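The lines below spell out each chain.
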There are 4 protein chains.
Amino acid sequence: MDKLHEECGIFGIYDESGSTAESAYFALMALQHRGQESCGIAVNKNRQIFHHKESGLVNEVFNEKRISELNGGHMAVGHVRYSTLEKRGRENAQPLVINYVKGMFAVAHNGNIINYDNLKKKYEKTGAIYQTESDSEIIAYTIARERINSHSIERAVVNSMKHLQGAYSLIVMSPEKLIAARDPRGIRPLCMGRLKNGGVVFASESCALDAINAEFERDILPGEVVVVVRGGKVTSYKDNCGAEKSALCIFEYVYFARTDSVIEGQFVHEARKLAGRLLAKKNPVEADIVIGVPDSALGAAKGYSLESGIPIEDGFIRNTYVGRTFIRANQASREKAVRVKLNPIRTNVKGQRVVMVDDSIVRGTTSAYIVKSLRDAGAKEVHVRICAPPYSYPCYYGTDIPSKKDLIIHRYSIEETRKYIGADTLEYLTFDDLMKIAPNSATGFCSACFTGEYPVLPTDIVPDGEA
Amino acid sequence: MDKLHEECGIFGIYDESGSTAESAYFALMALQHRGQESCGIAVNKNRQIFHHKESGLVNEVFNEKRISELNGGHMAVGHVRYSTLEKRGRENAQPLVINYVKGMFAVAHNGNIINYDNLKKKYEKTGAIYQTESDSEIIAYTIARERINSHSIERAVVNSMKHLQGAYSLIVMSPEKLIAARDPRGIRPLCMGRLKNGGVVFASESCALDAINAEFERDILPGEVVVVVRGGKVTSYKDNCGAEKSALCIFEYVYFARTDSVIEGQFVHEARKLAGRLLAKKNPVEADIVIGVPDSALGAAKGYSLESGIPIEDGFIRNTYVGRTFIRANQASREKAVRVKLNPIRTNVKGQRVVMVDDSIVRGTTSAYIVKSLRDAGAKEVHVRICAPPYSYPCYYGTDIPSKKDLIIHRYSIEETRKYIGADTLEYLTFDDLMKIAPNSATGFCSACFTGEYPVLPTDIVPDGEA
Amino acid sequence: MDKLHEECGIFGIYDESGSTAESAYFALMALQHRGQESCGIAVNKNRQIFHHKESGLVNEVFNEKRISELNGGHMAVGHVRYSTLEKRGRENAQPLVINYVKGMFAVAHNGNIINYDNLKKKYEKTGAIYQTESDSEIIAYTIARERINSHSIERAVVNSMKHLQGAYSLIVMSPEKLIAARDPRGIRPLCMGRLKNGGVVFASESCALDAINAEFERDILPGEVVVVVRGGKVTSYKDNCGAEKSALCIFEYVYFARTDSVIEGQFVHEARKLAGRLLAKKNPVEADIVIGVPDSALGAAKGYSLESGIPIEDGFIRNTYVGRTFIRANQASREKAVRVKLNPIRTNVKGQRVVMVDDSIVRGTTSAYIVKSLRDAGAKEVHVRICAPPYSYPCYYGTDIPSKKDLIIHRYSIEETRKYIGADTLEYLTFDDLMKIAPNSATGFCSACFTGEYPVLPTDIVPDGEA
Amino acid sequence: MDKLHEECGIFGIYDESGSTAESAYFALMALQHRGQESCGIAVNKNRQIFHHKESGLVNEVFNEKRISELNGGHMAVGHVRYSTLEKRGRENAQPLVINYVKGMFAVAHNGNIINYDNLKKKYEKTGAIYQTESDSEIIAYTIARERINSHSIERAVVNSMKHLQGAYSLIVMSPEKLIAARDPRGIRPLCMGRLKNGGVVFASESCALDAINAEFERDILPGEVVVVVRGGKVTSYKDNCGAEKSALCIFEYVYFARTDSVIEGQFVHEARKLAGRLLAKKNPVEADIVIGVPDSALGAAKGYSLESGIPIEDGFIRNTYVGRTFIRANQASREKAVRVKLNPIRTNVKGQRVVMVDDSIVRGTTSAYIVKSLRDAGAKEVHVRICAPPYSYPCYYGTDIPSKKDLIIHRYSIEETRKYIGADTLEYLTFDDLMKIAPNSATGFCSACFTGEYPVLPTDIVPDGEA
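What you are looking at is a predicted structure, and each value in this text was computed from that prediction instead of being measured.

K.L.:
Which residues make up the overall build of chain A, and what are the values?
P.N.:
In terms of helices and strands, chain A carries 16 helices and 23 strands. Taking 23 Å as the expected radius of gyration for a compact globule of 467 residues, we find that chain A reaches 23 Å, a close match to that expectation. When its C-alpha atoms are laid out on the principal axes, chain A stretches across 70 × 50 × 45 Å. The burial tally for chain A puts 66% of its 467 residues in the buried class. Of the contacts formed within chain A by residues at least 6 apart in sequence, a portion of 70% connects residues at least 24 apart. For chain A, the accessible surface area stands at approximately 15700 Å², while carbon and sulfur atoms represent 47% of it. Side chains of chain A give 59 positive and 57 negative charges; the mean places of these two sets differ by 2 Å.

K.L.:
Let's hear about helix α5 (residues 135–148) of chain B: which residues, and what values?
P.N.:
Compared with an ideal rise of 1.5 Å per residue, which puts 14 residues at 20 Å, α5(B) spans 21 Å between its outermost C-alpha atoms and is within 8% of the ideal. Counting buried residues along α5(B), 12 of its 14 residues qualify, which places the element largely inside the surrounding structure. Along α5(B), the positions that sit buried rather than exposed are D135(B), S136(B), E137(B), I138(B), I139(B), A140(B), Y141(B), T142(B), I143(B), A144(B), E146(B) and R147(B). As for α5(B), its buried residues are in contact with β5 (96–100), β6 (103–113), α4 (116–124), α6 (153–160) and β7 (166–173) of chain B together with α5 (135–148) of chain C.

K.L.:
Please provide a residue-by-residue account of the relation of the copies chain D and chain A, values included.
P.N.:
When chain D is fitted to chain A, the best match, at an RMSD of 0.1 Å, comes from turning it 180 degrees and sliding it 0.1 Å along the axis. The superposition operator between the copies reduces to a two-fold rotation axis. Residues of chain D ranked by C-alpha distance from the rotation axis are headed by A128(D), positioned 3.3 Å from it. Here 100% of the interface residues in chain D have copies in chain A that are interface residues too; the copies meet face to matching face.

K.L.:
I'd like to hear about the pattern of salt bridges, residue by residue, with values.
P.N.:
All names here are of chain B. Evaluated as defined, the whole model comprises 105 salt bridges over all chains. One salt bridge in this structure joins E154 and K177, with 3.0 Å as the shortest N-O distance. Note that E154 is positioned in helix α6 and K177 in strand β8 (residues 177–182), a separation of 23 residues in sequence. By the burial criterion, E154 is buried, and K177 matches it.

K.L.:
Describe the interface of chain D and chain A, listing the residues and the values that go with them.
P.N.:
Taken residue by residue, the interface counts 27 residues in chain D and 27 residues in chain A. Together, the buried faces of chain D and chain A total about 2100 Å²; carbon and sulfur atoms form 51% of this surface. The tally of links between chain D and chain A comes to 0 salt bridges. Along the contact surface separating chain D from chain A lie 5 residue pairs in polar contact (both at pLDDT 80 or more). At the level of elements, β3 (48–55), β5 (96–100), α4 (116–124) and α5 (135–148) of chain D are the ones that each hand at least two residues to the side of chain D that touches chain A. It is α5(D) that provides the largest number of residues to the side of chain D that touches chain A, a total of 6 residues.

K.L.:
Now, about the side chain of H109(B): what can you tell me, with residues and values included?
P.N.:
Within the element layout of this structure, H109(B) appears in strand β6. If near-sequence neighbours (up to four positions away) are discounted, H109(B) is found in contact with C8(B), I10(B), H79(B), Q94(B), D135(B), S136(B), I139(B), A167(B), Y168(B), S169(B) and L170(B).

K.L.:
How would you sum up the domain arrangement of chain A? Please name residues and give values.
P.N.:
Residues and elements named next belong to chain A. Each assigned domain of chain A is listed here: domain 1 (8–246) and domain 2 (268–440). Once you take the C-alpha centre of each, domain 1 and domain 2 turn out to be 34 Å apart. Taken residue by residue, the interface counts 13 residues in domain 1 and 7 residues in domain 2. Between domain 1 and domain 2, roughly 720 Å² of surface is buried when both sides are summed, and carbon and sulfur atoms account for 55% of that area. At the surface where domain 1 touches domain 2, the tally comes to 2 residue pairs in polar contact (both at pLDDT 80 or more). Here the side of domain 1 that touches domain 2 is composed, by residue class, of 5 nonpolar, 5 polar and 3 charged.

K.L.:
Can you lay out the packing of aromatic side chains for me, pointing to particular residues and giving the numbers?
P.N.:
Across all of its chains, the model carries 56 aromatic pairs over all chains by this definition. For the ring pair Y123(D) and Y141(D), a centre distance of 6.1 Å and an interplane angle of 45 degrees mean the geometry is tilted. Taken as a pair, Y123(D) in helix α4 and Y141(D) in helix α5 lie far apart in primary sequence, 18 residues in all. Each of the two residues, Y123(D) as well as Y141(D), counts as buried. Members of the aromatic cluster, connected to one another through ring pairs, are F251(A), Y255(A), F256(A), Y391(A) and F450(A).

K.L.:
How would you sum up the sheet that holds strand β13 (residues 234–237) of chain B? Please name residues and give values.
P.N.:
All names here are of chain B. Across the sheet, 6 strands lie side by side as β5-β6-β7-β8-β12-β13; this open sheet has antiparallel pairing. The open sheet terminates on both sides in strands that have one partner only, identified here as β5 and β13. Each adjacent strand pair in this sheet contributes to an overall mean axis angle of 20 degrees, direction not counted. With 4 bridges connecting them, strand β12 (residues 225–229) and β13 associate as antiparallel partners. Across the sheet, the residue bridging to V225 is Y237, located in β13. Where α6 meets the sheet, its contacts fall on β5, β6, β7, β8, β12 and β13, and the angle it forms with β8 comes to roughly 15 degrees.

K.L.:
Quick one: what's the story with the confidence of the model for chain A, residue by residue and with numbers?
P.N.:
Any region with low pLDDT has predicted coordinates that should not be read closely. All names here are of chain A. The share of residues in chain A with pLDDT of 70 or more is 93%, and the mean pLDDT across the chain is 91. With pLDDT under 50 throughout, residues 1–5 is counted as low confidence; its partners more than four residues away or in other chains account for 33 contacts. Contacts of residues 463–467 to residues separated by more than four positions or lying in other chains number 7 contacts, the stretch itself having pLDDT below 50. Predicted as a complex, the structure gets a pTM of 0.92 and an ipTM equal to 0.91.

K.L.:
Quick one: what's the story with the pairing of strand β2 (residues 38–45) of chain A, residue by residue and with numbers?
P.N.:
All names here are of chain A. Of all 8 residues that make up β2, 7 are buried, and the element is covered over most of its length. Both β2 and strand β3 (residues 48–55) contribute to a ladder of 8 bridges, which runs antiparallel. Looking at β3, one finds that G40 is bridged to K53. In textbook terms, the turn of a hairpin is the stretch between consecutive antiparallel strands, and for β2 and β3 this stretch comprises 2 residues, one of which, N46, has a positive phi near 50 degrees. Bridge count for β2 against strand β4 (residues 75–81) is 7 bridges, and the pairing is antiparallel.

K.L.:
How would you explain the environment of M173(A) if you had to name every residue and give the values?
P.N.:
Residue and element names in this part refer to chain A. Take M173: it is sitting in strand β7 (residues 166–173). As a C-alpha pair, M173 and A108 span 65 residues in sequence and 8.9 Å in three-dimensional space. Filtering out sequence-adjacent residues up to four positions away, M173 remains in contact with A42, V43, N44, I49, M75, A76, V77, M104, F105, A106 and L178.

K.L.:
Give me the relation of the copies chain C and chain D: which residues, what numbers.
P.N.:
With an axial shift of 0.0 Å and an RMSD of 0.0 Å, the rotation relating chain C to chain D amounts to 180 degrees. Take the interface residues of chain C: 100% of them recur as interface residues in chain D, which is what a same-surface contact looks like.

K.L.:
Describe the interface of chain C and chain D, listing the residues and the values that go with them.
P.N.:
At the junction of the two partners, chain C supplies 53 residues and chain D supplies 53 residues. Across the chain C-chain D interface, the total number found is 4 salt bridges. The salt bridge involving D210(D) is made with R346(C); its shortest N-O contact spans 3.3 Å. If you list the elements that add at least two residues to the side of chain C that touches chain D, you get α1 (20–30), α3 (64–70), α7 (206–211), α9 (268–282), α11 (331–341), β19 (342–344) and α12 (346–349) of chain C.

K.L.:
Tell me about unusual backbone geometry, residues and numbers included.
P.N.:
The linkage connecting Q94(A) with the following residue, P95(A), adopts the cis geometry, with an omega of 0 degrees. Position of P95(A) relative to the elements: it lies in the loop between β4 and β5 (96–100). One non-glycine residue, N46(B), lies in the positive phi region at around 50 degrees. When you line up the elements, N46(B) lands in the loop between β2 (38–45) and β3 (48–55). Taking relative accessible area as the criterion, N46(B) reaches 71% and is therefore assigned exposed.

K.L.:
Quick one: what's the story with the environment of E264(B), residue by residue and with numbers?
P.N.:
Residue and element names in this part refer to chain B. Tracing the backbone through its elements, the reader meets E264 in the loop between β15 (262–263) and β16 (266–267). According to the relative accessible area criterion, E264 is buried, its value standing at 8%. Put simply, E264 and P189 are 75 residues apart on the chain and 7.9 Å apart in space, counted from C-alpha to C-alpha. Among all residues touching E264, those that are not within four sequence positions of it are R182, D219, I220, L248, Y253, N440, S441, A442 and T443.

K.L.:
Which residues make up the side chain of S23(C), and what are the values?
P.N.:
As for its position among the elements, S23(C) is in helix α1. For S23(C), a relative accessible area of 3% translates into the label buried. Sequence-distant contacts of S23(C), that is, excluding residues within four places in its chain, are made with F11(C), I13(C), I212(C) and K336(D).

Thresholds applied
- Residues numbered from 1 in each chain as written.
- Chains lettered and ligands numbered in written order.
- Predicted model: local features only at pLDDT ≥ 70, side-chain atom pairs only at ≥ 80, totals over all residues.
- Heavy atoms only, no water.
- Helix = DSSP H or I, 4+ residues; strand = E, 2+ residues; numbered from the N terminus.
- Rg over C-alpha atoms; globule rule 2.2 N^0.38 Å.
- Buried < 20%, exposed > 50% of the residue type's maximum accessible area, 1.4 Å probe, protein only.
- Contact = heavy atoms within 4.5 Å.
- Areas by Shrake-Rupley, 256 points an atom, 1.4 Å probe, with all protein chains shown as cover.
- Lys, Arg positive; Asp, Glu negative; His and termini not counted.
- Charge placed at Lys NZ, Arg CZ, Asp CG, Glu CD.
- Expected span 1.5 Å × (residues − 1).
- Least-squares fit on C-alpha atoms with pLDDT ≥ 70 in both.
- Salt bridge = Lys/Arg side-chain N within 4 Å of Asp/Glu carboxyl O.
- Buried area = accessible area lost by both parts, 1.4 Å probe.
- Polar contact = N/O pair within 3.5 Å; in protein donor to acceptor, adjacent residues only side chain to side chain.
- Domains from an automatic or database assignment.
- Nonpolar A, V, L, I, M, F, W, Y, C, P; charged D, E, K, R; others polar.
- Phe/Tyr/Trp six-rings, centres within 6.5 Å; stacked < 30°, edge-to-face > 60°.
- Pairing = 2+ DSSP bridges.
- Axes fitted to C-alpha atoms, helices over the stretch in contact; angles between N-to-C directions.
- pLDDT = per-residue confidence, 0-100.

Rendered as structure tokens:
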């Protein structure tokens, strides 16, 4: 279910064939699950940067006419955004396109700069003005300031990374260069692919490469800066690599990423299946069928079924026409809203003892409705299995995990939660098992939302558990 | 895959609680798969009929403000439309709301009146004028004319059915009554449900009842007219029942209906699983996994897996953010368009011998792409299994099966088709097996698109095979 | 000031050059003062009729793309509409385009059919259905029914006029013909012009001819039907001419028509100047300047000045950017709304004894504000002169003169009115003088709104004065 | 006629009553003639600044809902914009609202900063980034930088003026203060008024004060900074006054300003009448009537008539429904476009010897059409009188006088121009007479567009005449 939202997906392309805006359009559509609030594309035509960005989904903001107007350049940057910090609307849409001492650049960003306030104050003292509330503006300032004493834009990006703290994957496009960078901890994913004609592509997830028929090449390293220049030559700067322990957000595997993506060498779908297997191993139950809550828990349900031998069934129809805007006037219409979104397939669940696999329980209200809808459809028993531990700590790295007081874990024990959602049994994946779900992944993980052990903290924040 | 489109879904509600517009909104959203071109809702407030209709999806055309303006009446009629005969846009949107000799009524319709031209000419001769190109207008004229010599609106509807030929499920709303009617052959589905407060609901499919928490009561009989009056009393008129052999469109089970609906006592999902089982029985193959093409073939894939013992796997990610408007400028962008819509899950198909179950092959181009995408993702073999026979004849009852010349079956033999789409093997469900997929269904079936045996023909049409 | 609104302007063109939609666009813009609620254009391309209509001003509803799509035919019909009877919005927009026994036609109408209800009931009894609330639909039905026993569309129009009572100027466009018709009393204007290439044009007012560089030829006679066929041959049918006493709405000269139009041989501007002269002759006053309230009273002010010898001055700036949508939340914002619309030119009125000429006083509130604004700007005296008598009776012929209870004349005596609006003196043109303002006009006049003597009455209406 | 466009109108209000957004809405409507491309309003509610800005006219961008959302604060800033330097659209709309070292401020600007490039480069060198192409951003940077070493925002504004060269009238709104400033030469106008409740208003022209019933108090002095603080106390800073010779743009009187405004003590309407008188004195002609081209030349026509004794007549109907968007596909449609905009009143000009007064001749094509339309309407002679000298030099201060090569004066002699536009005689106001048209004005004038004598020049520009 849609409970958490990471704030962004980013995309960059170098392609001499010139259909860069069209490619960005399709790639952003493949990244749409990472942000549905606004989107934008900036293109580079003959060293001039043009862009369009707006609130709305990719296929609302862009139509054939707009894409054909933007097409024709050899580089493009794209962005989809979900706002986390109540920073809304058009004026915070990305990419941010700016003029500065060396001309223009565009920047798109995924993550959260945790020393935003410090940098903002520092720059203000020398006369900076701010027209948005987005990290991108702080990043742009940092690069622009570093550029004064750097002999190239890529060097300015490398040097900027010493000032920027937190989670960030970046694409920067200057008149001459396309640059991808990932924070030294690699908290947010970023990968690189190749077009058949030698063109270079960067994207938050590999599914965006598939969408434009680009071949996955590799992940950008934590701390790495990769530069593409005219002609397609690729150079890597590793000055900031290795400075920090890598800490990829483990929730990318559990929930954020699309199931057909590969992140750090680990297929997301396989990770989810493994989570399901581990869950089944530790938390067996006698039941007739296993079902997953679409879409993100379907892989884990598969794993649970494979491990337990209990057959998997399609449990729900998810209505894909239900969009963002929606009537929620009162309790009755809110219940109808969930009902129209997710309907049990009665023939499959009637009279069955059901294992229902989901990825999380946030406030509990949605889970309670889903369990009830299964019982209404005739399920004899409903055993809820969650393919992650309960998250208990806020995330400072660009997701919208609710604050402590909204998390059911802080109000109820697991047994109370079970009662609240109306399940016969309720079990979570253990933290130890969670750490095993991405065995192919080359990096370490950030699991702060489960453990409170933050790889890096805003200077003004005392970790939640200790306050 | 989205290949065929039935033209409409209809909905009617009698509910003293007054939130009839809101219920229609959610119900139409559940019926959205039956028509994405336009939609509309008409409500009855104190014997006055108000309505809004427009091109677009339900959640584009209606927002909270509009629904709250329409709310408050005790009856409503709703409609979603997909245009079949190049009759486009706003002016053909339904429900049609008219004034006539006895005041007002609204009518919504699913199907196709095959003697439209005859009736149109007949009425013209006495001065009729036409402002739309939709069947609803002919239906409204027929009812209005019958009303002159009928003592009630429901009697006028009953009498009108003697004039209307073809496929039609209707909802009519007058100042005092809500009326549902189904053609004597029952070609299009129509069912009835109950609200907890005793309210009455009619809908094309039971999934719309689920969406508003109404309980399924029964299907409307072929030829039946059901009337609800103030207070909720329900009366049935069966004058036209039994006059014709029942002939429910079998493709409702294969493709059109939502998998969680029950039509004529038969769960759609079960019918699809059974189709898969039968397909597996007749057309076994040695393979490693079975995958279904989302969404309509997933049930059949499940059945194929169960019967064959070959494990089922998730084969594709379907991008639900891809809407109707879409860039299709050239071959390359068209291929990207399919690619972004449906992406193989590489980890599942790599190195595997794959049975790919789909519901139909129309022109073959999409199937060819999908097979190719599986091979690109590493599939060793791709065995295509289609859970219906090839359709060979045009449909006159409200679906958009392409004309003969566009059907691949008329250009290629099955072996040629196999080569064209690049499959290792290709098999279709036999017609005899197709007739077995809905064993619980109480009705006979129309299978004209497979056999050319039409239950009723437009007077000016010579069946395709004989021309 | 904008107080009254006639409901429509109509336009028809026969032009082999093919830019008929563009000509209609410009002509409707010139007729925009006759209706700002909705507009539409229907064109005839190779005997097919295409159209677009929508709520909004001409330059909001039509853009370059739409006009170029509609261009290319040899005939077009256009319409601008102001709704009088609370019949609002898109569904009542014109032209009405219909199918009927002989194919298609489009019809546009200006006026009011007073036996609408009778005809509606009559047709309903034979099965007619109504989708709009506009006279055009009744007119279309009447023509369609007459067409059954007429050998041509023009003959059907001629015969229809025997059934249609009230005020109407019509343009009808069939696959082959363009037809203009005017009711036997000629209550609404309709004229004919010629393009340089021999093309024929019909329009409510001659200013629309000027806009497309057509030469004024003549007015359509009361009761006349004029037909243009392929090749441009023009035929006139006078069957209905002379049956009734002609009765052109005198208020066309006073207020409705544009000042640069010629109606029935009388320049509107000259009629207004003459009204001003007659007003000055009967109602002299010692003053320093004469000013007119823009736009319709400027001509009368000129006449008042010429007759009295008191110099004319520009009195107000009218803000032409103020559109229809407007904030009117409360009394204060309503006053600001009038203020921003009409601002005195202080330098001209300061210290002056002012004669302010206006065309009418409806509710009195606007007049009171305007007088106050002149005093605020320093006027020493304000003498109000109205270039028509007070209107006292409702209009049944397509204008929105308010009902009796809203007319100030029914609440206040003239002296009380003077006090209410804050004028030093207040005088109206006498009815006898009003009858003299269009000496060149070939027709008689309808002056029912002043006298209650209606040329024709709805059968269910008892004249206001006698009730 | 619409030939030149000044780029902006600005408005600021301090009003404890709280309807500041509504007042800004009406005031901007009164200033709409100064800019029709985009507009915006920023309000201050409890020290927070909220704003909305967008492309479009005031009554397109703002509706009742938006205004009521913005209402409730005690200060507001508004702006209407016409783009001069191909800087288009939404992203350059004003007011600009920024965060900086001391919190927030909003700024709106009318004029042109001629050392924009120098300042931009200077700030870039310390790390500035630019998100727009508007002067406002440079102004905001300048103030933000000055604020670092100033103890107050008003002091920062005063100090900024030492850096800003060119023409500028500004409104700045901080959390606590409303500040108006005018460049030391006073090139663009800016005045101050009082509400009845003691509130303070600033506006480009006094007509905006009239619109909201504020009383004109005085013009802001060239170089002056006026500050309003909570409670309504007004303080004036004159540090920059007197440093330069005052140089109000003389074309404000001729064309830009609304005729009911007072600028620097001179009624615009009187200035225009005087221009007409002087024109008549120097360039008499034997004729029957004088007409003015609406709207800006109507005052001068009045003056010409008064001086010459030739009676004034209404010459044209200007169609106020013709908006900005318009079909101009080809020569024929362009001519129709002018025709529908301005139509001669035939009855007034037929058979007459006409003096036609206009304010300028730019490219000559429009003038030629207008003269032709008068002859088509029957004018015997057309004597064109222009109430300003031909302008010959580019404007660097925020107007869009075309470049030299587009000015007819550089292609034709006056005699050739006369022939080109088809006039019988053609005369311009002399420069000496132009200098006399605003005798009450307290300031000197900028007349660079006529003389090439620029009060201040961009450092990189060599005056046109000398290049």
